[in-house]
Amino acid sequence: MREIVLDTETTGISPNDGHRLVEIGCLELFNHVATGKTFHTYVDPERDMPEGAFKVHGLSEEFLRGKPKFADIVDEFLAFIGDDPLVIHNASFDMGFLNAELKKIGRTALPMARAVDTLDIARRKYPGAQNNLDALCRRFGVDNSGRTKHGALLDSELLAEVYLEMMGGRQPGLVLQADFGGPAAQKTARTPRPAPLPSRLTDAEREAHDAFIASLGGEPLWLAQKEN
């Protein structure tokens, strides 16, 4: 099963107030394991950056000026997400901005039915608790020390770890023969034991075994193969 963990950064709270996307970050999960495949882009919002939004993500108007416009990256973005479920924290926010941008360029909206809202999952599992991304990272011991500012790709990576924990934790052993070339495909070599364990057979057990073999008559098949 393929899923896409997705996050965005914007110039404000609502596209209805003229706010725009400025960053999209996505990463691919296959059977609840990150494959290492990602999509990330900054987007020129073609407007100013309010101070409040800048304090959240640190993306200035000057930095974003000249970056690709949404119309320039939409085909690559849509190809990456395909038709697969979109795992998003507070999905109505990100989906609202994505669909506003799609509408501006005459593209079909993404159905909300595709969204797996991790905020909704967290509220059902932990009613009354703080369920923002930082709080969930603390709950599950996910290292978010690098998150001094919001960033779409970093937040997607953190959300992927939180999502997998909320769904029961990683169980990569259940991914039978998955071959997607990502980090999870790497196998850890077993460290050999420095000395073999001593035999647990007693002398009496060994003698009883030898007597049983002798009682069978003829030469046992495994001994004949060993001699050959």
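Look a little higher up for the structure.
Just so we're clear, the structure is a prediction, and the values are computed from it rather than from any experiment.

Enquirer: Describe in detail the pattern of salt bridges, supporting the description with residues and values.
Expert: Here the structure, examined in full by the defined rule, presents eight salt bridges. With its nearest N and O atoms 2.5 Å apart, the salt bridge here joins Arg-2 to Asp-84. On the criterion of sequence distance, the pair formed by Arg-2 in strand E1 (residues 2–10) and Asp-84 in the loop between helix H3 (70–81) and strand E4 (86–88) is long-range, its members being 82 residues apart. In this structure, Arg-65 engages Glu-61 in a salt bridge whose closest nitrogen and oxygen atoms are separated by 3.5 Å.

Enquirer: Explain the sheet that holds strand E5 (residues 115–117) to me, and be specific about the residues and the numbers.
Expert: Taken in spatial order, the five strands of this open sheet run E3-E2-E1-E4-E5, and their pairing is mixed. Single-partner strands in this sheet number two, and they are strand E3 (33–42) and E5. Strand after strand, the sheet turns through a mean of 25 degrees between neighbouring axes, direction not considered. Pairing of E4 with E5, which is carried by three bridges, proceeds in the parallel orientation. Note that in E5 the partner of Leu-86 across the bridge is Ala-115.

Enquirer: Hey, could you go over the environment of Leu-64 for me, with residue numbers and the actual values?
Expert: Checked against the element boundaries, Leu-64 lands in helix H2 (residues 61–64). Judged by relative accessible area, Leu-64 falls into the buried class, the value being 0%. Sequence separation between Leu-64 and Met-49 is 15 residues, and the spatial gap between their C-alpha atoms is 9.3 Å.

Enquirer: Report on the side chain of Thr-41, specifying residues and quantitative values.
Expert: Secondary-structure assignment places Thr-41 in strand E3. Exposure remark for Thr-41: the relative accessible area of 9% places this residue in the buried category. Once residues lying within four places of it in the same chain are set aside, the contact partners of Thr-41 are Val-22, Glu-23, Ile-24, Pro-68 and Ile-73.

Enquirer: Explain the pairing of strand E2 (residues 21–30) to me, using residue names and the numbers behind them.
Expert: Extensive coverage of E2 is indicated by the burial of nine of its 10 residues. When E2 meets E3, the two strands line up antiparallel, connected through seven bridges. Following the sheet pairing, Ile-24 is matched in E3 by Thr-41. Taken together, E2 and the strand that follows it, E3, pair antiparallel across an intervening segment of two residues, in which Asn-31 is found at a positive phi of about 50 degrees.

What counts and what doesn't
Residues numbered from 1 in each chain as written. Predicted model: local features only at pLDDT ≥ 70, side-chain atom pairs only at ≥ 80, totals over all residues. Heavy atoms only, no water. Salt bridge = Lys/Arg side-chain N within 4 Å of Asp/Glu carboxyl O. Helix = DSSP H or I, 4+ residues; strand = E, 2+ residues; numbered from the N terminus. Pairing = 2+ DSSP bridges. Axes fitted to C-alpha atoms, helices over the stretch in contact; angles between N-to-C directions. Buried < 20%, exposed > 50% of the residue type's maximum accessible area, 1.4 Å probe, protein only. Contact = heavy atoms within 4.5 Å.

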